[in-house]
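Examining the three-dimensional arrangement
Residue-level listing of the chains:
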Amino acid sequence: ISGRYNLFLPSVNCSCGKTLPVTISDLVENGYWPATVNFETLYMVDLFTTYEDLKITAPGMLRQAFVSMLECRTKLFGRSGKICGDTMQRVFLEWAYAKFEVDKLSQVQHFQCPACTPSMLAVAVDGNRKLYRFKSQPGCVTFMYNEMLLASDAEVSSFVDYIHGTTGHNPGKGRCGAGQWTAARESANKSASKLDEEGVEVAVCRHGVLLKGLNMFRGEIFAYPLYLQKQLASQTVQFFCSDVVCKYWPYLQRVVDHCPELEDLLNMRPFLSIMHAKAHSWMCELKWGGRNQEGAGTTIGEEVEQVNSFLSRAAICSKYMSKAVRTDMLTIQASGWNKRKAENLDRTLAKRYIKVLTRQICIITFLVLNCLSIC
């Protein structure tokens, strides 16, 4: 973190005359990570942990800004030399993936909610149009975190084509009350602009843990949340939350008529997000609103907005990345978000429990006082 150093690798000379070279295990055990095969460039692991924490705490921080800070600290301590940003990012991703594989051997699940496993009360799905990416950005196409967070583009595209080819669909926008919802559409053509991915669609549990996502190439069409709903159906979800569920659920019922293999998705119950329901018609809010769904408890269905607020700050950097680097960096940031949520989950649940008990006491007191006044 103090910038660049120009050093020589140590060597061990034995009394028998042999010289023992430094191996990669020696470097890793002492907190260094090699950038090249012959160890011409080394990075301290402390630098990577700092960079990872910064990318999670401030998702919009540019790599160039971090490298410039390191170069300034190099000059501050009387040294000289440039730091290659591309090399640092590549080695950081390799280190992060190696750490991820160690966690996998320890059976750490980065995209599962400890409180919702194995049965999940509610899942909220929404799109984020800010996480687009320009077509002109070159780079490698090798994914390290392939399909850990974002589903395969080919698999999603095949599913969308199957749904559109099997069922009839309306290309118009959905209306409810006085509002027109751009997310409430059954189909849309791919944009002719300079964009490749037009955003992401993510699924979040009621505790704010990010579960799954996919890249959007046709805007917010119903086939995308349908794919995520299909992927999460094995977790016995009771409520499916959306800000346009009043339009999505009739669409799902029509799809099931043509695709009976998706009939299990109807076992979930529709849930219109609490805050978005205020912008719908009052009849829609009465029928689909989350406050009127028995068994939903204090679920509000807006948890996905908190996650999208976090991910939107990463859009400043991700739109200029290559496809593979964007996917890997978003996966690292989402994993860090989930880790932070899991660490604070005990306090969050305790606060919710106290809040519910307090509300119950207030309601009981109110009813008792009313009964006494009537008597």
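Structural notes, computed from the coordinates. (Residues numbered from 1 in each chain as written. Predicted model: local features only at pLDDT ≥ 70, side-chain atom pairs only at ≥ 80, totals over all residues. Heavy atoms only, no water.)

**Topic: helix 6 (residues 223–232)**
Quick reminder of the rule: Each residue is placed in one exposure class: buried if its accessible area under a 1.4 Å probe, protein chains only, is under 20% of its type's maximum, exposed if it is over 50%, and partly exposed if it falls in between. Segments assigned H or I by DSSP are reported as helices when at least four residues long, segments assigned E as strands when at least two residues long, and all are numbered from the N terminus. Two residues qualify as a contact provided that any one of their heavy atoms is within 4.5 Å of a heavy atom in the partner residue.
For helix 6, a buried count of 8 out of 10 residues is recorded, marking the element as mostly surrounded by other parts of the structure. The set of residues buried in helix 6 consists of A223, Y224, P225, L226, Y227, L228, Q229 and L232. Buried residues belonging to helix 6 abut strand 5 (122–128), helix 5 (153–166), strand 8 (199–205), strand 9 (210–216), strand 10 (239–242) and helix 7 (245–258).

**Examining the packing of helix 2 (residues 45–57) against helix 3 (residues 63–76)**
Quick note on the threshold: Axis lines are fitted through C-alpha atoms, for helices just across the contact stretch, and the angle between N-to-C directions can take any value from 0 to 180 degrees. These descriptions rest on fixed angle ranges, namely under 35 degrees for roughly parallel, over 145 for roughly antiparallel, 65 to 115 for roughly perpendicular, and the rest for oblique. In this scheme the crossing of two helices becomes right-handed for a clockwise turn of the near helix relative to the far one and left-handed for an anticlockwise turn of less than a right angle.
Packing of helix 2 against helix 3 brings their axes to within 12 Å, and their N-to-C directions diverge by 140°. Looking at the two axes, helix 2 sits oblique to helix 3. Judged by the twist between their axes, the crossing of helix 2 over helix 3 is right-handed. On the side of helix 2, the interface is formed by L47, Y51 and L54, while helix 3 contributes R63, F66 and L70.

**A word on the side chain of S312**
The criterion, for reference: Under the rule applied, a polar contact is a pair of N or O atoms within 3.5 Å (in protein, one hydrogen donor and one hydrogen acceptor; residues adjacent in sequence only if both atoms are side-chain atoms).
With respect to the secondary-structure elements, S312 resides in helix 10 (residues 303–312). Judged by relative accessible area, S312 falls into the buried class, the value being 18%. Polar contacts involving the side chain of S312 include one to the side chain of N128, which spans 3.0 Å. Dropping the residues within four chain positions of it, S312 is found in contact with N128 and K130.

**Quick word on the state of the cysteines**
In protein chemistry, a disulfide is the covalent bond that joins the sulfur atoms of two cysteines. What counts, and what does not: The disulfide criterion used throughout: a pair of cysteine sulfur atoms within 2.5 Å.
Across all of its chains, the model carries 0 disulfides by this definition. Between C284, a cysteine without a disulfide, and C246, which holds the nearest cysteine sulfur, the sulfur-to-sulfur distance is 3.5 Å.

**Description of a positive patch on the surface**
Where we set the bar: For patch building, the residue pool is restricted to those with more than 30% relative accessible area and no salt bridge; the joining distance is 9 Å between like charges and 5 Å between nonpolar side chains (Val, Leu, Ile, Met, Phe, Trp, Tyr). For the accessible areas, the method is Shrake-Rupley and the probe is 1.4 Å, while residue cover comes only from the protein chains on display. In the sections that follow, a salt bridge refers to a side-chain nitrogen of Lys or Arg positioned within 4 Å of a carboxyl oxygen of Asp or Glu. When charges are counted, neither His nor the chain ends are considered; positive counts come from Lys and Arg and negative counts from Asp and Glu. The location of each charge is read from NZ of Lys, CZ of Arg, CG of Asp or CD of Glu.
Taken together, the side chains of R291, R352, K355 and R359 make up a positively charged region of the molecular surface. Mapped onto the fold, R352 is located in helix 13 (residues 345–374).

**Structural notes on the packing of aromatic side chains**
To be explicit about the condition: Working definition: a ring pair exists when centres of Phe, Tyr or Trp rings (six-membered ring for Trp) sit within 6.5 Å. Plane angles under 30 degrees give stacked, over 60 give edge-to-face, the rest tilted.
This model, assessed by the stated rule, comprises 20 aromatic pairs. Ring centres of F239 and F271 lie 6.0 Å apart, and the angle between their planes is 75°; this geometry places the pair in the edge-to-face category. Of this pair, F239 sits in strand 10 while F271 sits in strand 11 (residues 269–272); the two residues are 32 residues apart in sequence, bridging distant segments of the chain. Comparing F239 with F271, the two get one shared label, buried. Measuring from centroid to centroid gives 6.5 Å for F240 and W249, while their planes differ by 40°, and the two rings are tilted. W249 gets classed as buried once you look at its relative accessible area, which sits at 5%. Taken together, the ring pairs connect Y43, F48, Y51, F66, F92 and W95 into an aromatic cluster.

**Considerations on the pattern of salt bridges**
Close approach of charged atoms allows side chains of opposite charge to pair. The final tally for this structure, using the stated rule, is 12 salt bridges. The salt bridge involving R133 is made with D196; its shortest N-O contact spans 2.7 Å. Residue R133 is located in the loop between strand 5 and helix 5, and its partner D196 is located in the loop between strand 7 (179–185) and strand 8; the two are separated by 63 residues in the primary sequence. Relative accessible area serves as the criterion here: at 4%, R133 is assigned to the buried category. For E197, the salt bridge identified is with R133, shortest N-O distance 2.8 Å. Separated by 64 residues along the polypeptide, E197 in the loop between strand 7 and strand 8 and R133 in the loop between strand 5 and helix 5 bring together distant segments of the chain.

**Let's talk about the sheet that holds strand 8**
Applied cut-off: A pair of strands is treated as paired once DSSP finds two or more bridges between them.
Taken in spatial order, the 5 strands line up as 9-8-5-10-11 in an open sheet, and their pairing is mixed. Edge positions in the sheet fall to strand 9 and strand 11, since each of these pairs with one other strand and no more. Strand-to-strand twist in this sheet, taken as the mean axis angle between neighbours without regard to direction, amounts to 25°. Sheet topology note: the strand 8/strand 9 ladder contains 6 bridges and is antiparallel. Opposite E201, over in strand 9, you have L214 as the bridge partner. On the sheet, helix 7 packs against strand 10 and strand 11 and is oriented at approximately 160° with respect to strand 11.

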